[in-house]
Amino acid sequence: MDLASPLLRSVTVHTNQSTAFTNADVIIMLDDIKEQENQYRKDCFRDIASQYKEYAYLIDHNAHRHVRVAVAGDTFVNLKTLVLIQNTPSIAQNSFVGVSTQLEGEARSQLAQKLNVATVGVKNVIVWGNITGSTYVDVKFAQVYRYNSAIWGPPYFSRPVLDMVYDRQWLEKEFVTAVNSHRQTVKAKVQHPLGLSAAAAIATVLHYWYQDSPSGEIISLGVISEGQFGIPEGIVFSMPVRFCRGSWEVITELEVGEDVKERFKVIATELVQEKDAALKDC
């Protein structure tokens, strides 16, 4: 480590997993189990469940009671988060989240390119569902700031993205395809994983978790469902949240149409199948 970070005191490397989690205040889980070639998906799910049950035991017995755990990566983020939640009885369920801010950022980037603004100028895009599987990128509540048009205002002035993007066919087809393929496209070009964008997404979540998210902004996060928006209870589902006073809460006051809820049902079925396959006889 040679970043000269003023807050970095030391780096330790652990080969014993239990010592790595001892007195941990923050734990970041990255990809460590990936689907092998020619492996049945249900076997992959069971491998994940087995490994993450071990992690859960170590976290439950060694980490601080108020530990914050962020699960990130490119594979089965929702499932991994769920297994941790189900197997850490002494730690609150809201201590575990799946990081969907990377995918949210990629969606905002595509909209920003279309509108010719900086990515930071597009806010309130929501990623619903299975972070590393089937998702629904919702732009109904999205706003664009500093957009060059006939109507101009101060920095806090915004306009609905749907009023500025007139090409509905692009939103329904090209935009979705671009968001879903963005990570693999960039990986193919640079020939290595997208470490910086993943790190930025994790850092954003942790920053908001400790310092609160900006007032009025919607953040996408994979959290345990309690039945909000008609989503089945007991699965981890990416949905809109706000961070406040060191915790997060689902923004349940958003109005979601029946057509969108039908999309949720399809995604929820996928997640329930993953859960059932992973936890069967495990």
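Residues numbered from 1 in each chain as written. Predicted model: local features only at pLDDT ≥ 70, side-chain atom pairs only at ≥ 80, totals over all residues. Heavy atoms only, no water.

**Q** Would you explain the packing of aromatic side chains in this entry?
**A** In this description, an aromatic ring pair is defined by two values, namely the gap between the centres and the angle between the planes. Following the criterion strictly, the structure yields 9 aromatic pairs and no others. With a centroid separation of 5.0 Å and an interplanar angle of 85 degrees, the aromatic rings of tryptophan 128 and phenylalanine 229 are classed as edge-to-face. Here tryptophan 128, found in strand β5 (residues 126–129), pairs with phenylalanine 229, found in the loop between β9 (219–224) and β10 (236–244); they are 101 residues apart in sequence, far enough to count as distant. With centroids separated by 4.5 Å and ring planes inclined at 40 degrees, the aromatic side chains of tryptophan 128 and phenylalanine 264 adopt a geometry described as tilted. Taken together, the residues tryptophan 128 in strand β5 and phenylalanine 264 in helix α8 (residues 258–279) connect sequence positions 136 residues apart. Its relative accessible area of 0% is what places tryptophan 128 among the buried residues. (Phe/Tyr/Trp six-rings, centres within 6.5 Å; stacked < 30°, edge-to-face > 60°. Helix = DSSP H or I, 4+ residues; strand = E, 2+ residues; numbered from the N terminus. Buried < 20%, exposed > 50% of the residue type's maximum accessible area, 1.4 Å probe, protein only.)

**Q** Before we go on, may I ask you to explain helix α3 (residues 77–86) in this structure?
**A** For an α-helix the count is 3.6 residues per turn, leaving residues at separations of three or four pointing the same way. Among the 10 residues in α3, 9 count as buried, and that is most of the element. Along α3, the residues that are buried comprise Val77, Asn78, Leu79, Lys80, Thr81, Leu82, Val83, Leu84 and Ile85.

**Q** Looking at this model, I keep getting lost on the packing of helix α2 (residues 41–62) against α3. Mind explaining?
**A** In a packed pair of helices, the relevant descriptors are the angle between the two axes and the axis-to-axis distance. Closest axis-to-axis distance for the α2/α3 pair is 8 Å, and the angle between their directions is 45 degrees. Of the possible angle classes, the one that applies to α2 and α3 is oblique. Where α2 crosses over α3, the handedness of that crossing is right-handed. Counting all contacts with α2, which are made through Phe45, Ile48, Ala49, Tyr52, Lys53, Tyr55, Ala56 and Ile59, the residues of α3 involved are Leu79, Lys80, Val83 and Leu84. When its residues are assigned to classes, the contact of α2 with α3 shows 10 nonpolar, no polar and 2 charged. (Axes fitted to C-alpha atoms, helices over the stretch in contact; angles between N-to-C directions. Parallel < 35°, antiparallel > 145°, perpendicular 65-115°, else oblique. Left-handed = near helix turned anticlockwise from the far one by under 90°. Contact = heavy atoms within 4.5 Å. Nonpolar A, V, L, I, M, F, W, Y, C, P; charged D, E, K, R; others polar.)

**Q** Looking at this structure, how should I read the nonpolar core?
**A** Proteins that are soluble and globular tend to have nonpolar side chains buried together. Counting 35 residues, the largest nonpolar core has Trp128, Phe237, Phe243, Trp248 and Phe264 as the members making the most contacts within it. Elements that contribute at least two residues to this core include exactly β3 (96–99), β5, α7 (195–211), β9, β10, β11 (247–250) and α8. Sorting elements by how many residues they give to this core places α7 first, with 6 residues. Contacts of phenylalanine 264, omitting those with residues within four sequence positions, involve Trp128, Tyr136, Phe229, Ile231, Phe237 and Val256. In terms of nonpolar packing, the next biggest core, distinct from the first, is built from 31 residues, Cys44, Leu58, Val83 and Ala277 among them. (Core = buried A, V, L, I, M, F, W, Y, C linked by side-chain atoms within 4.5 Å.)

**Q** Would you take a moment to explain the pairing of β11 for this structure?
**A** The side chains of a regular strand alternate between the sheet's two faces. Residues Trp248 and Val250 line the buried face of β11, whereas the alternating positions Ser247 and Glu249 sit on a face that is not buried. Between β10 and β11, which pair antiparallel one after the other, the connecting turn spans 2 residues, and arginine 245 there sits at a positive phi close to 55 degrees. (Pairing = 2+ DSSP bridges.)

**Q** Which parts of the structure should I look at to understand the sheet that holds strand β4 (residues 122–123)?
**A** Adjacent strands of a sheet form backbone hydrogen bonds with each other and so pair up, either parallel or antiparallel. What the 3 strands build is an open sheet, ordered β4-β7-β8; its pairing is antiparallel. Single-partner strands in this sheet number two, and they are β4 and β8 (158–160). Summarising the sheet, β4 and strand β7 (residues 143–145) pair through 2 bridges and their orientation is antiparallel. Looking at the pairing, lysine 123 lines up with glutamine 143 of β7.

**Q** Even after reading the chapter, I still don't get the side chain of serine 213, so can you show me in this structure?
**A** Its location among the elements puts serine 213 in the loop between α7 and β9. Of the polar contacts made by the side chain of serine 213, one reaches the backbone nitrogen of phenylalanine 243; its length is 3.0 Å. When neighbours within four sequence positions are excluded, serine 213 is seen to be in contact with Tyr208, Ile219, Arg242 and Phe243. (Polar contact = N/O pair within 3.5 Å; in protein donor to acceptor, adjacent residues only side chain to side chain.)

**Q** Teacher, can you tell me more about helix α4 (residues 101–115) here?
**A** Its 15 residues place the ends of α4 20 Å apart at the C-alpha level, agreeing with the 21 Å of an ideal helix rising 1.5 Å per residue. For α4, the tally of buried residues reaches 13 of 15 residues, placing the bulk of the element in the interior. A positive phi of about 60 degrees marks asparagine 116, the residue just after α4. (Expected span 1.5 Å × (residues − 1).)

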